[in-house]
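Notes for the structure review
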Amino acid sequence: MAKPSESSPPQEQHLPTLWLLGKTGAGKSSLIQALTGSSQVEVGNGFSPCTKTSFAYHFPHDKPLLRFLDTRGLGEAHYDPSEDIKLCQQQSHVLLVVAKVEEQEQSALLTVLSRIRKQKNIKHLLLIYTAVNTVPKEEKNRLVAAHQQAFEKAWGSELSAIEVDFDCDTHTYYHRDQLVAAITQIMPLVGLMLDKKEHANQEEQHFSQVKNEVLWYATGASFTDLFPVVGLVSVPAMQAKMLHSLAKRYEVLWNTRGFAELIGVLGTSFSAQYGVKLGARQLVKLIPIYGQTLGAATAAAVSFGTTYGLGRAASYYFYHKSRGKTVNTQNIQQLYKDAFELGKKVSPRG
Ligand SMILES: Nc1nc2c(ncn2[C@@H]2O[C@H](COP(=O)(O)OP(=O)(O)OP(=O)(O)O)[C@@H](O)[C@H]2O)c(=O)[nH]1
Ligand SMILES: [Mg+2]
């Protein structure tokens, strides 16, 4: 897979990063599988060299929102973490320290941790003990306590830890929810991406299949709107592309008439945020008026919110259209509002 380059869309040049550090066999790849739902083969093939000692795995594959950094060669005396640290200095990143609970020999990892600590650049560190159900509970508690003491000594402060058991062969992911919740606290957008809660109905189930694509467009819109003049043109362009792509995924014919209808059912809660213009042959134009009145950072969060809200509402609309059902105006407006608020909250620049 190609590594994001300067020519990648802006949101792909600043991917939030989960940096995995742990001995070989600790469970790093299993953790990526558990979080992403990708298979072992997909994860294996998806890695591309990133720094001298690390490989990056971008997720989702085609429209990435998140980067996993998988560090190799930890046991080697020459491992120098500075390049990896540099990569992780962006706005949001987490260092995930992975240790198999029964593996007591952790000296290489402890040495590297104390070196990373000295650079004072990593704000969020999460300890993850893997394979915790493979040892009897009392033994497990004793091992965890010993690990915890050693890691905290190396890091010089208290550390949050999560005990997991990810069995990728049987797709049994013990404490996946806890891990996602901990990541959500630090990176709300990543949490929303990885969240796999039960769906109340079929429509929600369908939306979960396209959610990450909507988030990708929303992130793109928020980045372009950091420059209000650019945002004025590119946010609606980004949203138009998103609607086009969603219509295709729901197998619904998409044209300006459909667009006008969608804007119509969204009602004033939506159009109040835009100047919506209806022109010849019902050509609909969206003009983000907020970009002109708010500060850049706020406009970016609002762009994220409107794009996510629009994507959520459009999915609902397409779902019903594809089944020949009428769209409940109240429901779609509520969905838009809720998704807009949620989007504003998780926006990477919010
Ligand atoms: N039951 C159980 N097995 C695990 C868990 N984590 C890892 N394993 C197993 O341990 C072995 C190594 O796991 P990987 O995920 O490949 O470890 P890794 O850290 O990616 O190892 P390297 O790629 O060599 O650095 C595999 O056989 C996994 O199935 C876990 O939480 N529970
Ligand atoms: Mg691996």
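Cut-offs and rules
Residues numbered from 1 in each chain as written. Chains lettered and ligands numbered in written order. Predicted model: local features only at pLDDT ≥ 70, side-chain atom pairs only at ≥ 80, totals over all residues. Axes fitted to C-alpha atoms, helices over the stretch in contact; angles between N-to-C directions. Helix = DSSP H or I, 4+ residues; strand = E, 2+ residues; numbered from the N terminus. Left-handed = near helix turned anticlockwise from the far one by under 90°. Contact = placed C-beta atoms within 7 Å. Nonpolar A, V, L, I, M, F, W, Y, C, P; charged D, E, K, R; others polar. Near = placed C-beta within 6 Å. Buried ≥ 20, exposed ≤ 12 C-beta atoms within 10 Å, placed from the backbone. Pairing = 2+ DSSP bridges. Expected span 1.5 Å × (residues − 1). Arc of directions from axis to C-beta.

**So, the packing of helix 5 (residues 107-119) against helix 6 (residues 137-155)**
For the pair helix 5 and helix 6, interaxial distance at closest approach is 8 Å and the crossing angle is 35°. Judged by the sense of rotation from one axis to the other, the crossing of helix 5 with helix 6 is right-handed. Residues L110, L113, S114 and R117 of helix 5 form the contact with helix 6, whose participating residues are A150, F151, A154 and W155. When its residues are assigned to classes, the contact of helix 5 with helix 6 shows six nonpolar, one polar and one charged.

**Let's talk about the site of ligand 1**
Around ligand 1, a shell composed of 16 residues is seen, among which T24, G27, K28, S29 and S30 lie nearest. Those elements giving two or more residues to the shell around ligand 1 turn out to be helix 2 (28-36) and strand 8 (165-167). Among the residues making up the shell around ligand 1, the classes are represented as five nonpolar, eight polar and three charged.

**Focus: the pairing of strand 4 (residues 66-71)**
With respect to burial, strand 4 is a largely interior element, six of its six residues being buried. Of the two faces of strand 4, the one holding L66, F68 and D70 and the one holding R67, L69 and T71 are both buried throughout. In this structure, strand 1 (residues 17-21) lies alongside strand 4, joined through four bridges in parallel fashion. What sits directly across from L20, in strand 4, is D70. Across six bridges, the pairing between strand 3 (residues 54-59) and strand 4 is antiparallel. Across the sheet, the residue bridging to A56 is L69, located in strand 4. Linking two consecutive strands that pair antiparallel, namely strand 3 and strand 4, is a turn of six residues.

**Focus on helix 14 (residues 329-346)**
Here helix 14 contains 18 residues, and its C-alpha end-to-end distance of 26 Å stays within 8% of the 26 Å for a straight helix at 1.5 Å per residue. Restricting attention to buried positions, one finds in helix 14 the residues I332, L335, Y336, A339, F340, G343, K344 and V346. Projected onto a plane normal to the axis of helix 14, the buried residues spread over an arc of 160° and lie on a single side.

**Brief notes about helix 2**
Where burial is concerned, most of helix 2 is hidden: eight out of the nine residues are buried. When we look at burial in helix 2, the residues that qualify are K28, S29, S30, L31, I32, Q33, A34 and L35. Phi turns positive one or two residues past the end of helix 2, at G37, with a value near 80°.

**Regarding the sheet that holds strand 7 (residues 160-163)**
Sheet architecture is open: seven strands sit in the order 2-3-4-1-5-6-7, paired in mixed fashion. The sheet is open, and its two edges are formed by strand 2 (47-49) and strand 7, each paired on a single side. The sheet shows a mean angle of 25° between the axes of neighbouring strands, direction not considered. Pairing of strand 6 (residues 125-130) with strand 7 involves four bridges; the strand directions are parallel. Of the residues in strand 7, the one forming a bridge with L127 is A161. Here helix 7 (residues 176-186) sits on the sheet in contact with strand 5 (93-100), strand 6 and strand 7, set at roughly 155° to strand 7.

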